[in-house]
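# Structure assessment
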Amino acid sequence: MKKSFSFCIFLAVLLHHFSGTKCSIEATAEGDIIIGGLFPIHESVTVTVNDDGRENRTCDRFSTARLVQSLIMVQALEEINQKRELGNLTLGYLILDSCGEVTTALIQTQAFMMRNSEYSQDCAQQSSPPVLVVIGDYYSELSIGVTGQLHLEYIPEISYGATSGFLSDKTRFPSFMRTVPQDDHQGHAIAQILDHYGWTWVGVVATDGEYGRYITERLRHHATKKGICFAFTSVLPDALNDDSREERINSTIKSIIDNRNVSVIISFAKAYHMIDIFRKLLKYPQGRGKVWLASDIWSQSPEVLSSQNYNLSDIGTIFGVTLKSGNTTKFERYLDDLDENPNHHENNTFLSNFLKEHGANSSEELKKMIYPYAVFSIELAVKAIAQAVKDLCTNRDCKTQSLRPLELRRALRKATFHMEEKSYSFDHHGDLNSGYDIILWKQTQDSPDVNNILAYYSIEHQSLTFTSQETQQALQSHIGNVTSKCTDSCRPGYRKTSVTGQPGCCYQCEPCAENQYSNTTDSEKCHPCKENYYSKNTSSVCLPRKTDFLKWGDVYLIVLLSFTSLGAVLTIVVGIIFLAHWNTPVVRSSVGPISILLLLSLMITFTSVILFGGQPNSYQCQARQVVFGLSFTLCVSCIMVKSFKIVLAFEFDPVIQSILKKLYKPYLIVTVCMAGQVVIVTTWLVHGPPYIDSEITQDNMELMVCNEKLIPAFGAMLVYIGLLALICFGVAFKGRKLPDSYNDAKFITFAMLIYFISWIMFGPVYVNVTGKYLPAVEMVVILISCYGILFCQFFTKCYIILCKKEANTEKVFRCNIRNYSMDHKGSEDELSSNRVENPNLSVSVKSQENWNSVKLSLSSLKVIK
């Protein structure tokens, strides 16, 4: 311990030799326990060097506000003594001026340490109690140096304003504590304010010191997370006497003027920096009307305006973050009762000199410089010390057993102290996270009102809470429609895209693509619309898609259904006609039972057309192709039976005729043909049945369609029907020259031609047509095929049955056959001797042998009796 004392004495003598600083400017009061105070009562130092190399340090720029802060400490200590909160122990003080400069602060700190040594120097008496703790300094740069020096004697330092986060490191600064939160929290609070008002492109002014560098870095950290960028960062020298100060301020002014999009500036500079900045900036019209967000270092310093020829309206809006405010009423009464006779304050040379200069108005001048945050922080520091002393002296007599700084430091860390009915304690970093007040400056007649609290920032909840809705509206009215952005905001329906080489806040606005949307300003991305919703380009909302399909009320579907109904009715009418004239030659020659089966299949095919209309469902999708495929296969199969019957009746080669007779099994032929189609559609339904699907149209409607899925199976079904139709066509074509009066083969050929033409056209049309009318294409083709068969197979017969009854007799049919036989050199006598029940199936007979063969065939086929 003696070695450290000796080093301190040596350092003090050395600094005293070079500095020329006198210790007579101080504030002192005796007591059992001495508390040190270090306040920047002067804001700067002028250094001159004598011929002998010694430095003369003269403190200048007297700060009334810092004097008031020292008096807050004095008032709080006197109150404790008056209330005898520590029993018979009294608290004294030694308050010195740091002059806002590190070297001077270190020189002054030696006075505290020298009282603790066993030696006596000019400014200390051996019998005086040691300094156990120091309240101060306000600035982080000074506190970092001071606490390092005080730690040599384990003297704790409690700052009421040093907020740099570096000081939370207890490995480097174990003796440092503070009654204010560290600046990381302030950076987060400022970032929240900027984000709340959408200010993303801001300027920053800071000082080149521990405080300025740290809080700028922390603000950048929190701001970046919220998408806020710095347009410029101007760093000013911390000391007033720095040679580059004027140049740096001019550079700052230029940055503010040049960045026209920057309407909001955050300042971590000191009050005297802001005086010079405002004085120069307001010479330019572009420098007026800005929003200034002041940090705690000058947010309650009205002197930045009071000494100038401009007011708050010239600057714009100033609102800022300040440390938690205390109740100033008690301290104001203290100043009201202050004895303004300077001769009565010889123990406080700072106050004495001030009273000499200001005279009778001194109290009022002092009251103007009361910072509510300082009242809270300094009083709280005194309360913490008093509680720690009380905890230590409960079980010992501290008058006879002196306290040591290390003991007090440990007690301070554990102490729980009270003020204004609230409990406080230091955390493990030695910090006290009391939160922040957000204030708005208001212009008054004399000077700005800097105590107008608008909101509170809670460190615990990391949230901003306005005092009332009215205060929030008041702030909004002050800032108006201020925008501070690198680029204009992207409207809903657009998204932000980065620009190469530019910070994230400088972006372009790209429209949201079709079926995407953004519903917020400055959206980072466009969101896809949900299923069954759509949007156009640059949309801010998705609209529900309207479903589209071939509706029953559609004029085209109505026309097609009308033809379908007509076809069904005509089919029924034909069936009735055939049944009513069942035994007539025309019906018997048409193979009556097969014709009825053919009409039934046509009726089912007409019915299947209905399944292609309306809103599709899974059952409908599967049923419509299956019903059509099977019914039309049955239709073509019946026509095939009729074609084979014609060929068989007029085949004269006995061998071929014998083979055809064995193969001619009408219902077996129909069954086999149907079985082939059943296999195809069953395979289709098992392995890949049609299903309901949807697709988006150009009108952004959801088109409901049936997806055939297994296209090869769909093709196989149509090809199979086509193959049967081709067989019918070939067989019927062979009998095209039979008797003209009633020739089925000719009409079968024509019906199959209609079928082939319509379905050949169906292919390319079906592939190229899109939209809700695609099912109508197949409906049209089905109707054409059905009408072709209905007209060709039955209408001529119905015409004869109804309109030419005289032609529907055996005599007429015999006559037709006789004429056909004569054309083919047959025997008219032999032919006329036979009753022909089917005169339409004429026979070409060249000999009696041929006629016997034909007669046998017709008889076996039940065509003649």
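Scroll up a little and you will see the structure.
Everything in this summary refers to the structure shown in the same document. (Residues numbered from 1 in each chain as written. Predicted model: local features only at pLDDT ≥ 70, side-chain atom pairs only at ≥ 80, totals over all residues. Heavy atoms only, no water.)

### Things to note about the overall build of the protein
When its secondary structure is counted, the protein shows 28 helices and 27 strands. Across the 865 residues in the protein, those meeting the buried criterion constitute 53%. Just so you have it, the protein exposes about 38,400 Å², and 54% of that area is on carbon and sulfur atoms. (Helix = DSSP H or I, 4+ residues; strand = E, 2+ residues; numbered from the N terminus. Buried < 20%, exposed > 50% of the residue type's maximum accessible area, 1.4 Å probe, protein only. Areas by Shrake-Rupley, 256 points an atom, 1.4 Å probe, with all protein chains shown as cover.)

### Topic: the sheet that holds strand S8 (residues 176–178)
The mixed open sheet is built from 6 strands, whose spatial order is S1-S5-S2-S6-S7-S8. The open sheet is flanked by strand S1 (27–29) and S8, the only strands paired with a single partner. Taken pair by pair, the neighbouring strands of this sheet meet at an average axis angle of 20°, ignoring direction. The sheet contact formed by strand S7 (residues 157–159) and S8 spans 3 bridges and is parallel. Counterpart to Ile158 in the pairing with S8 is Met177. Sitting on the sheet, helix H2 (residues 64–83) touches strand S2 (33–39), strand S5 (91–97) and strand S6 (131–136), and the angle it makes with S5 is about 170°. (Pairing = 2+ DSSP bridges. Axes fitted to C-alpha atoms, helices over the stretch in contact; angles between N-to-C directions. Contact = heavy atoms within 4.5 Å.)

### Notes on the state of the cysteines
Overall, the coordinates contain 8 disulfides when judged by the stated rule. For Cys512, the disulfide goes to Cys526, at an S-S distance of 2.0 Å. Because the sign of the S-S torsion sets the handedness, a value of about -85° for the bond joining Cys512 and Cys526 places this disulfide among the left-handed ones. With Cys512 in the loop between strand S20 (507–511) and strand S21 (516–517) and Cys526 in the loop between S21 and strand S22 (527–528), the pair connects residues that are 14 residues apart, well separated along the chain. With respect to class, Cys512 is no different from Cys526; both count as buried. Across the disulfide from Cys529 sits Cys542; the S-S distance is 1.9 Å. Every disulfide takes its handedness from the sign of the S-S torsion; for Cys529 and Cys542 that torsion is -75°, giving left-handed. (Disulfide = S-S within 2.5 Å.)

### Some details on the packing of H2 against helix H12 (residues 349–358)
If you want to describe how two helices pack, look at the angle between their axes and the distance between the axes. Running from N to C, H2 and H12 cross one another at 130°; their axes reach a closest spacing of 10 Å. Comparing the axis directions of H2 and H12 gives the class oblique. As for how H2 packs across H12, the hand of that crossing is left-handed. Listed contacts from H12 to Thr64, Leu67 and Leu71 of H2 are Phe350, Leu351 and Phe354. (Parallel < 35°, antiparallel > 145°, perpendicular 65-115°, else oblique. Left-handed = near helix turned anticlockwise from the far one by under 90°.)

### With respect to the environment of Arg115
Topologically, Arg115 is positioned in helix H3 (residues 102–115). You can call Arg115 buried: its relative accessible area is 13%. Taking C-alpha positions, Arg115 is 6.9 Å from Ser128, a pair spaced 13 residues apart along the chain.

### Observations concerning the nonpolar core
One finds Met73, Phe278, Trp292, Trp298 and Phe319 to be the most contacted residues of the largest nonpolar core, which totals 148 residues. Broken down by element, the residue count for this core peaks at 13 residues, all from helix H14 (residues 372–392). For Trp292, the residues in contact, after removing those within four places along its chain, are Ile256, Ile265, Ser267, Met274, Ile277, Phe278, Leu281, Ile315, Thr317, Ile318 and Phe319. Of all hydrophobic cores here, the second largest spans 71 residues; its members include Phe578, Val636, Met640 and Cys798. (Core = buried A, V, L, I, M, F, W, Y, C linked by side-chain atoms within 4.5 Å.)

### Some words on the sheet that holds strand S18 (residues 463–466)
Strand order in the open sheet formed by 8 strands is S10-S9-S11-S12-S13-S16-S17-S18, with mixed pairing between adjacent strands. Two strands in the sheet have a free side with no partner beyond their single neighbour: strand S10 (229–236) and S18. Looking at each pair of strands side by side, their axes are set apart by 20° on average, direction ignored. Two strands pair when backbone bridges link them, and strand S13 (residues 316–323) and strand S16 (residues 436–440) are joined in this way by 5 bridges, in the antiparallel orientation. Directly across from Thr322, in S16, lies its bridge partner Asp437. Across the sheet, helix H7 (residues 245–258) is in contact with strand S9 (201–207), S10, strand S11 (264–267) and strand S12 (290–294); its angle to S10 comes to roughly 160°.

### Observations regarding a nonpolar patch on the surface
Taken together, the side chains of Val555, Tyr556, Val559, Phe563, Leu566 and Tyr773 present a nonpolar region at the surface, about 560 Å² in accessible area. For Val555, a relative accessible area of 52% gives the class exposed. (Patch = residues over 30% accessible without salt bridge, like charges linked within 9 Å, V, L, I, M, F, W, Y side chains within 5 Å. Salt bridge = Lys/Arg side-chain N within 4 Å of Asp/Glu carboxyl O.)

### Notes on the pairing of S11
The side-chain alternation of S11 yields two buried faces, one formed by Val264 and Ile266 and the other by Ile265 and Ser267. Pairing analysis gives 3 bridges linking S9 to S11, with the strands arranged parallel. Residue Val204 lies in a different strand from S11, and its bridge partner there is Ile266. Sheet topology places S11 next to S12; 4 bridges connect them, and they run parallel. Following the sheet pairing, Ile265 is matched in S12 by Trp292. What joins S11 to S12 is helix H8 (residues 271–281), and the crossover it makes is right-handed. (Right-handed = clockwise from strand over helix to strand, strands pointing away.)

Everything listed here is a matter of geometry and, on its own, says nothing about what the molecule does.
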